[in-house]
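# Remarks on the overall topology
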Amino acid sequence: MKLSALGLSTLLLSLLSTPLNAATQEDQLAREHARAAAIAAAKSQGKAATVTMEEPTRSYFDWGAVVHPNGEVLSVRNDSVAAEMELQAGDRLLQVDDIDFSGAGLDTIVSHLQGLEHDSTFNVTVARDTQTLTLGGRVKATVIPGWRLEVDVAQAQVDKTDDGSCGRVSVFVTPPEARDLFPAYFVKIDDDNVLRRRSIYKLDPGVHVIELHELITDPWVRRSSSMSNAKQLEIDVKADTTYYIAAKFNRNKRLSTVREEYWEPVVWREVEQKCEGD
């Protein structure tokens, strides 16, 4: 059976309304892809400054009903606006507000519903058995927050290889704070000073010593003013592998200034990823 555009939209909007904190990894991956796309676009157009990509805040109204192109309601999702209106499977859609279904068609109805603003009211007229019913509803829009990604093309990964196979170390992706993981930044790689603003380095396969500073934001951290908080992490880099590095916060030692035991650099994620290009 062929589902209507409204049915497909309902499925899509259900997916989009998933809580954002349940998709943290997907969000991080999307940020990486957006960053790579921005750099690629800048290079292809000969730009060498900052590239900005952004998506405005959007809202979607998920009515909660799947409708056949002939107007028949095929299903109604529990706890949806359609369910609150007491719409039922088997109802036949006749009219939405002042739009007649037989004259306008389903696409126009879908467009109208999707354009309704949050907390506005609307009416749906349906045929049920021998009755004609008008059902009232109130829009509950799902807001998708906007985002802005500004990429300094100069921050593209730094190549420290001998033009052979390689792996990567990265502090670009924000680690999950819920696991007591915080951002860090590179200080040295194999005793070579590096720029803080560079977040990804390509390295030859083999053992490398990475020195990092922590960027822990917990207000209870007590840092010693007489000590450097840079620490070393040794990584046996494999070819075509990216190692994501973070500062692991040892919460039970947050007040200790002895050897700055409140944190340590860790690889929190390891991903097989072809290592090539800039």
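Residues numbered from 1 in each chain as written. Predicted model: local features only at pLDDT ≥ 70, side-chain atom pairs only at ≥ 80, totals over all residues. Heavy atoms only, no water.

## Remarks on the packing of aromatic side chains
For the coordinates displayed, the defined rule picks out four aromatic pairs. Centroid distance F182 to F249: 6.0 Å. Interplanar angle 80°. Geometry classified as edge-to-face. Of the two residues, F182 sits in strand β13 (residues 181-182) while F249 sits in strand β19 (residues 241-249), which places them 67 residues apart along the sequence. F249 carries the same exposure label as F182, and that label is buried. Arranged with centres 6.2 Å apart and planes meeting at 50°, the rings of Y244 and W268 form a pair that is tilted. Highlighted residues: Y244 in strand β19 and W268 in strand β20 (residues 263-272), separated in sequence by 24 residues. Of the residues examined, W268 reaches a relative accessible area of 12% and is grouped as buried. The positively charged end of R269 is found above the aromatic ring belonging to Y244, 5.1 Å away from the centroid. (Phe/Tyr/Trp six-rings, centres within 6.5 Å; stacked < 30°, edge-to-face > 60°. Helix = DSSP H or I, 4+ residues; strand = E, 2+ residues; numbered from the N terminus. Buried < 20%, exposed > 50% of the residue type's maximum accessible area, 1.4 Å probe, protein only. Lys NZ or Arg CZ within 6 Å of the ring centre and 35° of its normal.)

Interpretation note: all reported values are geometric properties and have no functional meaning in isolation.
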